[in-house]
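# Commentary on secondary and tertiary structure
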Amino acid sequence: YATDTKALTREPGGPDLVRDVAAAARLPWFPVGGITAHSLPQLVEAGATRAAVSGAICRAQDPGAAARELRLILDRA
């Protein structure tokens, strides 16, 4: 997903890219970029079991609550 925390070198791949990586990866990997509690379930459904979510936590009004919500989504994976 689009993000302003880093410069992107290509168009975001979203769930389709996550699905492809999940099928091919043999090492741990993390989707990165614009991931929120709203978009994370789509990535989990596509095969993500972890994610980099710095913006979703650092920009939250309550970072602790945001982290807990994201963790709950990942725990359902």
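Before going into details, it helps to say that this report is about the structure given with it. (Residues numbered from 1 in each chain as written. Predicted model: local features only at pLDDT ≥ 70, side-chain atom pairs only at ≥ 80, totals over all residues. Heavy atoms only, no water.)

## Here's the deal with the nonpolar core
With 13 residues, the main nonpolar core has Val18, Ile35, Leu40 and Leu43 as its most contacted residues. When residues of this core are traced back to their parent elements, those giving at least two are α2 (40-46) and α4 (63-75). Tallying contributions element by element places α2 first for this core, with four residues. When neighbours within four sequence positions are excluded, Leu43 is seen to be in contact with Tyr1, Gly14, Pro15, Val18, Pro31, Ile35 and Ala48. (Core = buried A, V, L, I, M, F, W, Y, C linked by side-chain atoms within 4.5 Å. Buried < 20%, exposed > 50% of the residue type's maximum accessible area, 1.4 Å probe, protein only. Helix = DSSP H or I, 4+ residues; strand = E, 2+ residues; numbered from the N terminus. Contact = heavy atoms within 4.5 Å.)

## Things to note about the environment of Ala22
Structurally, Ala22 is set in helix α1 (residues 14-24). When the C-alpha positions of Ala22 and Glu11 are compared, they lie 19 Å apart, and in sequence the two are 11 residues distant. Beyond its immediate stretch of four places on either side in the chain, Ala22 contacts Trp29, Ala46 and Gly47.

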